[in-house]
Amino acid sequence: HEALDREELTVAYQPIIDVASGKVVSLEALLRWQQADGSFISPLEFIPVAEESGLMLRTGEYVLERACRQFAEWQRDGLGLRHICVNASTVQLMSSSFAGTVQRVLAESGVQAAELEIEISERGVLSGDSEVLLQLRQLKGIGINLSIDDFGTGDSAIAYLKDLPVDALKIDRSYIAGLGKEGKDFALASAMIALGQRLDLTVVAEGIETAEQLDVLRELACDCYQGFFAARPMDADAATGFLQKNRRS
Ligand code: C2E
Ligand code: MG
Ligand code: MG
């Protein structure tokens, strides 16, 4: 409650890059909580607390508003971006007002539905929950893109692909960490990329930290990547600088 009231929550942005061209195509908005003493608390720690204490709807709305306003500025600057990606918590997806909130934020920020991608974590969502499915179909109906985050970490990965109207898959970084030219992670990553492509989905690899991992992705014709190798999550000003430089390069 206090973090929200004291405006200690901010949004960081991490570029998502086209493997073949090296150009930034989108950015993911990531919530940050910087305490008064300057230290950061990880979203993995405070988001579950916000979810349990009934604060996730307000928190999620805050991220969506900030991210869409920022994206509208980048579009006005002509930076050539495709999307802004925003994570949604299960709590938001279970709320019958979620699709309406998203539409309001789009209208207020001037961002087009097709320019927003909502990331749903495979860990959180129960694919069978009817309210979640309803919200996702409504979002899809207004033209919003959906992606499955942390693909490969839940137990319903394939069922999701069958039931949900998704556009993109984000391969969890646990499969990328040990990615070489052979071995189990290579076999799994290449199978996941092939699966996504057979279903006409954009495949994004998360957590690319080395040039070698990027080489393997290039060989496997993965669409996009995100990771410390290209850029860490940054505040809006740093991200603007990164985008301008990337555009010129
Ligand atoms: P996520 O959505 O899978 O976001 C990617 C996470 O991986 C981010 O952690 C990012 O900083 C980290 N990451 C990116 N590249 C690399 C890399 O090369 N190496 C390593 N080791 N890590 C990398 P972050 O920002 O700490 O967020 C953690 C998780 O918290 C997110 O995972 C997401 O599930 C959740 N989260 C963050 N912001 C929000 C939000 O606004 N709403 C909701 N519902 N969840 C959020
Ligand atoms: Mg995400
Ligand atoms: Mg992820």
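Residues numbered from 1 in each chain as written. Chains lettered and ligands numbered in written order. Predicted model: local features only at pLDDT ≥ 70, side-chain atom pairs only at ≥ 80, totals over all residues. Heavy atoms only, no water.

Asks: Got a minute to help me understand the coordination of the magnesium ion (ligand 2) in this structure?
Replies: Tetrahedral metal sites with four donors have an ideal angle of 109.5 degrees; octahedral sites with six donors have ideal angles of 90 or 180 degrees. The protein atoms donating to the magnesium ion (ligand 2) are Glu 28 (OE), Asn 87 (OD1), Glu 119 (OE) and Asp 149 (OD), with metal-donor distances spanning 2.0 to 2.2 Å. The sequence pattern formed by the donor residues of the magnesium ion (ligand 2) is E-x58-N-x31-E-x29-D. Between the two metals, the magnesium ion (ligand 2) and the magnesium ion (ligand 3), the spacing is 4.3 Å, and Asp 149 donates to both. Taken together, the residues span a long stretch of sequence, with Asn 87 in strand β4 (residues 83-88) and Glu 119 in strand β5 (residues 116-121) at a distance of 32 residues. (Donors = N, O, S within 2.8 Å, 3.2 Å for Na, K, Ca; no water. Helix = DSSP H or I, 4+ residues; strand = E, 2+ residues; numbered from the N terminus.)

Asks: Mind showing me how you'd approach the site of ligand 1 here?
Replies: Close to ligand 1 lie 24 residues; Arg 32, Asn 87, Asp 149, Glu 209 and Phe 228 are nearest. Separating an oxygen atom of ligand 1 from a side-chain N or O atom of Asn 87 is a distance of 2.9 Å. Within the contact set of ligand 1, a nitrogen atom lies 3.4 Å away from a backbone nitrogen or oxygen of Ser 89. Contact with the protein chains covers 86% of the free accessible surface of ligand 1, which is 800 Å². Here ligand 1 occupies the largest pocket. Counting only elements with at least two residues in the shell around ligand 1, the list comes to β2 (24-34), α2 (43-52), α3 (56-76), β4 and β6 (145-151). By residue number, the principal contributor to the shell around ligand 1 is β2, which donates four residues. For the shell around ligand 1, the per-class residue count stands at eleven nonpolar, five polar and eight charged. (Near = heavy atom within 4 Å. Polar contact = N/O pair within 3.5 Å; in protein donor to acceptor, adjacent residues only side chain to side chain. Areas by Shrake-Rupley, 256 points an atom, 1.4 Å probe, with all protein chains shown as cover. 1 Å grid on protein atoms, 1.4 Å probe; cavity = no way out; pocket = protein on both sides within 12 Å on 5 of 7 lines; lining within 4 Å. Sits in = over half its atoms within 2 Å of the grid points. Nonpolar A, V, L, I, M, F, W, Y, C, P; charged D, E, K, R; others polar.)

Asks: Can you walk me through the packing of α3 against helix α5 (residues 98-109) in this structure?
Replies: Where α3 contacts α5, the two axes come as close as 9 Å, and the packing angle between them is 30°. When the axis of α3 is compared with that of α5, the two are roughly parallel. In the crossing of α3 with α5, the sense of the turn from one axis to the other is right-handed. On the side of α3, the interface is formed by Glu 61, Leu 64, Glu 65, Cys 68, Arg 69 and Ala 72, while α5 contributes Thr 101, Val 102, Arg 104, Val 105, Leu 106 and Ser 109. Tallied by class, the residues present in the contact of α3 with α5 amount to six nonpolar, two polar and four charged. (Axes fitted to C-alpha atoms, helices over the stretch in contact; angles between N-to-C directions. Parallel < 35°, antiparallel > 145°, perpendicular 65-115°, else oblique. Left-handed = near helix turned anticlockwise from the far one by under 90°. Contact = heavy atoms within 4.5 Å.)

Asks: How do you make sense of helix α6 (residues 130-141) when you look at a structure like this?
Replies: An α-helical turn contains 3.6 residues, so any two residues separated by three or four positions project in the same direction. Under the 1.5 Å per step criterion, the end-to-end length of α6 is 16 Å for twelve residues, consistent within 8% with the ideal 16 Å. Looking one or two residues beyond α6, the residue adopting positive phi is Gly 143, at roughly 100°. (Expected span 1.5 Å × (residues − 1).)

Asks: I'm lost on the coordination of the magnesium ion (ligand 3) in this one. Help?
Replies: Looking at the metal site, the magnesium ion (ligand 3) is ligated by Asp 149 (OD), Asp 150 (OD), Glu 206 (OE) and Glu 206 (OE), spaced 2.0 to 2.4 Å from it. All donors to the magnesium ion (ligand 3) come from one chain, and their sequence spacing reads D-D-x55-E.

Asks: How do you make sense of the state of the cysteines when you look at a structure like this?
Replies: The term disulfide refers to a covalent linkage connecting the sulfur atoms of a pair of cysteines. Taken as a whole and judged by the stated rule, the model has zero disulfides. Not part of a disulfide, Cys 68 finds its nearest cysteine sulfur in Cys 85, a span of 11 Å. Summary of cysteine pairing: Cys 85 is not part of a disulfide, and the nearest cysteine sulfur, belonging to Cys 224, is at 9.2 Å. Since its relative accessible area comes to 2%, Cys 85 is described here as buried. (Disulfide = S-S within 2.5 Å. Buried < 20%, exposed > 50% of the residue type's maximum accessible area, 1.4 Å probe, protein only.)

Asks: What is the right way to look at the environment of Ile 118 in this model?
Replies: Examined against the element boundaries, Ile 118 turns out to sit in strand β5. Overall, the relative accessible area of 1% leaves Ile 118 in the buried class. Sequence spacing of Ile 118 and Ile 84 is 34 residues, and the spatial spacing of their C-alpha atoms is 8.5 Å. Every residue in contact with Ile 118, bar those within four places of it in the chain, is listed here: Leu 64, Val 86, Ala 88, Phe 98, Ile 144, Asn 145, Leu 146 and Ser 147.

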